[in-house]
Amino acid sequence: MTALEPNIESSPPPGRIRLLPEEAANRIAAGEVVERPASAVKELMENALDAGARRIEITIAEAGRRLIRVSDDGQGIPAEDLTLAFARHATSKLDPGDTFDIRAFGFRGEALASLGAVAEVTLTSRAVGAAEAAAIRCRQGHLGRPHPAARARGTEVCVEGLFSATPARLKFLKSDRAELQAILEAVRRLAAAAPDVAVEVHECGDGDGRTLLRLDPAPGAHARIAALLGRAFVAGSVEIDATRDGIRLEGLAGLPTLARGASVSQYLAVNGRPVRDRLLQGALRAGYSDLIPQGRHPMAALFLTCPPDAVDVNVHPAKAEVRFRDPGVVRGLIVGALRSALAEAGHRSA
């Protein structure tokens, strides 16, 4: 072979199928789950809620680029399970024999594995009944050994240097202000469906830190919504409570006079899971047809409850969308309930 001839064995031609190295595969998979700092906060807060936390404290620095720390008082993770917590597709929240009976936020076992592939993650936890806590560190996919640590019952996950293993992804992040707002929005949407859980978000920097959000435990969904969207929204809204074919719709729908220029004040959840689902958003718009002008968006906080087997929550990598077994029933329930409640409100004010 001359110097000009290609080395076919060392340079396989395009089109040949090859296995990706595990490290590269994990980083690619992480990009589907953790798109930005807000995605990391969402995943970790979901884990805290699944653990039965009644208080969740979130601390961030540099809009989550430098630090994301989520601490809870939930049931904790046994020391012997800390290593397994970073394994992909390892979860305590799903029956392998029934992948449609999903009652938890996180069920794929991807959050910690994804974060550990692109950042330095320290997991410290003390399980219920454990004499002491234990901690483990994962740095860009390399997992250390568990060791004793000190903390009260619950779990703390500290993510440092997000995307340090994939610096190109940092270039696609928006300004600190935009990323910070995305984090707060993710926290608010999860908190809306968990009114009995106290939530705090703090920002730390070179100087003194500041509290960005503090939500005390609320006696019900209306009180939590008032804290998130304001008492004026609660006062200027109609109550929704309707059921059809075993599916229940509850919440508050703002009067047409409260319509906004954007849809940011629409809180939609399915079985406690915040979603941005096109079917639900379309049904919400249809419920206000002829009541608000084009380009305006209603304010609403609607919570749909249905049997787990009536909805597939496993159709989107970030679990932001769902698919219903009978979408016509869901759409009819939402449109009918909204039109009825808004029409009744109109008759009362006439």
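Scroll up to find the structure.
To start, this report covers the structure provided alongside it. None of these values were measured; they are calculated from a predicted model.

Residues of helix 7 (residues 221–229) that are buried include every one of Arg224, Ile225, Ala226, Leu228 and Leu229, and no others. Here the buried face of helix 7 lies against helix 6 (176–192), strand 9 (210–215), helix 8 (231–235), strand 11 (247–254), strand 12 (266–270) and strand 14 (300–305). In the stretch just after helix 7, glycine 230 is the one whose phi turns positive, near 100°.

This next bit is on the nonpolar core. Formed by 57 residues in total, the largest nonpolar core has its most connected members in Ile56, Ile58, Ile68, Val159, Leu162 and Val187. It is helix 6 that provides the largest number of residues to this core, a total of eight residues. When residues no more than four places from it in sequence are discounted, the contact partners of leucine 162 are Val34, Arg36, Pro37, Gly64, Arg65, Ile68, Leu115, Val118, Ala119 and Leu170. Core analysis: the next-biggest nonpolar cluster, separate from the first, contains 34 residues, Leu284, Ala286, Leu304 and Ala337 among them.

Let us look at unusual backbone geometry. One non-glycine residue with positive phi stands out, namely asparagine 271, at about 50°. Looking at where asparagine 271 falls in the secondary structure, it is placed in the loop between strand 12 and strand 13 (273–274). Assessed through its relative accessible area of 34%, asparagine 271 is described here as partly exposed. Phi angles above zero are rare outside glycine, and aspartate 290 is one such case at about 70°. As for its position among the elements, aspartate 290 is in the loop between helix 9 (278–287) and strand 14. Look at aspartate 290 and you get exposed, because its relative accessible area is 81%.

Let's shift gears to helix 6. In a regular helix each residue adds 1.5 Å, so 17 residues correspond to 24 Å; helix 6 covers 24 Å between its end C-alpha atoms and thus fits that length. Taken across its 17 residues, helix 6 has 12 buried, putting it largely inside the fold. Buried within helix 6 we find Glu179, Leu180, Ala182, Ile183, Leu184, Glu185, Ala186, Val187, Arg189, Leu190, Ala191 and Ala192.

Each aromatic ring pair is characterised by the separation of its centres together with the angle its planes make. Across all of its chains, the model carries zero aromatic pairs by this definition. The ring of tyrosine 267 carries arginine 189 above its face, with NZ or CZ at 4.6 Å from the centroid.

According to the stated counting rule, one finds three cavities of 30 Å³ or more in the structure shown. In this structure, the largest cavity occupies an estimated 60 Å³ of space. As for the largest cavity, its lining consists of Leu249, Leu268, Ala269, Leu280, Leu284, Leu302, Leu304 and Ile334. Counting only elements with at least two residues in the lining of the largest cavity, the list comes to strand 12, helix 9 and strand 14. Its residues placed into classes, the lining of the largest cavity shows eight nonpolar, no polar and no charged.

What follows concerns the side chain of glutamine 266. Tracing the backbone shows glutamine 266 in strand 12. Glutamine 266 gets classed as buried once you look at its relative accessible area, which sits at 8%. Look past the residues within four positions of glutamine 266 in its chain and what remains in contact with it is Arg189, Leu284, His297, Pro298 and Ala300.

The element strand 8 (residues 198–203) is extensively covered by neighbouring structure, given that six of its six residues are classed as buried. Here strand 8 shows a buried face lined by Ala198, Glu200 and His202 and a second buried face lined by Val199, Val201 and Glu203. As paired strands, strand 1 (residues 55–61) and strand 8 are joined by six bridges and run parallel to one another. Following the sheet pairing, threonine 59 is matched in strand 8 by histidine 202. Sheet topology note: the strand 8/strand 9 ladder contains five bridges and is antiparallel. Bridging across to strand 9, histidine 202 finds its partner in threonine 211.

So, how was this worked out
Sequence order sets the numbering: in each chain, residues are counted from 1 along the sequence as written. Local features in this predicted model are restricted to residues of pLDDT 70 or higher, and side-chain atom pairs are both shown and tallied only at a pLDDT of 80 or more, whereas totals for entire chains, interfaces and linings draw on every residue. Note: side-chain values were computed over all heavy atoms of the structure, leaving out hydrogens and water. When a residue's accessible area, from a 1.4 Å probe over protein chains only, is under 20% of the maximum for its type it is buried; when over 50% it is exposed; and in between it is partly exposed. Numbering of helices and strands runs from the N terminus, with a helix taken as a DSSP run of H or I at least four residues long and a strand as a DSSP run of E at least two residues long. Two residues qualify as a contact provided that any one of their heavy atoms is within 4.5 Å of a heavy atom in the partner residue. What makes a nonpolar core is a set of buried Ala, Val, Leu, Ile, Met, Phe, Trp, Tyr and Cys residues whose side-chain atoms join them at distances within 4.5 Å. One less than the number of residues in a helix, times 1.5 Å, gives the span that helix is expected to have. Pairing of aromatic rings covers Phe, Tyr and Trp, the last through its six-membered ring, and needs centres within 6.5 Å; plane angles under 30 degrees mean stacked, over 60 mean edge-to-face, and all others mean tilted. We call a charge positioned over a ring when the NZ of a Lys or the CZ of an Arg lies within 6 Å of the ring centre and within 35 degrees of the ring normal. Of the grid points, spaced at 1 Å and generated over the protein atoms alone, those admitting a 1.4 Å probe that cannot get out make up cavities, while open sets with protein on both sides within 12 Å along at least five of seven lines make up pockets; any residue with an atom within 4 Å of a point is treated as lining. Grid points are joined across faces, edges and corners, and a volume is the space filled by probe spheres set on the points. Three classes are used, and their members are as follows: Ala, Val, Leu, Ile, Met, Phe, Trp, Tyr, Cys and Pro are nonpolar, Asp, Glu, Lys and Arg are charged, and the others, Gly among them, are polar. Any two strands with at least two DSSP-identified bridges between them are counted as paired.

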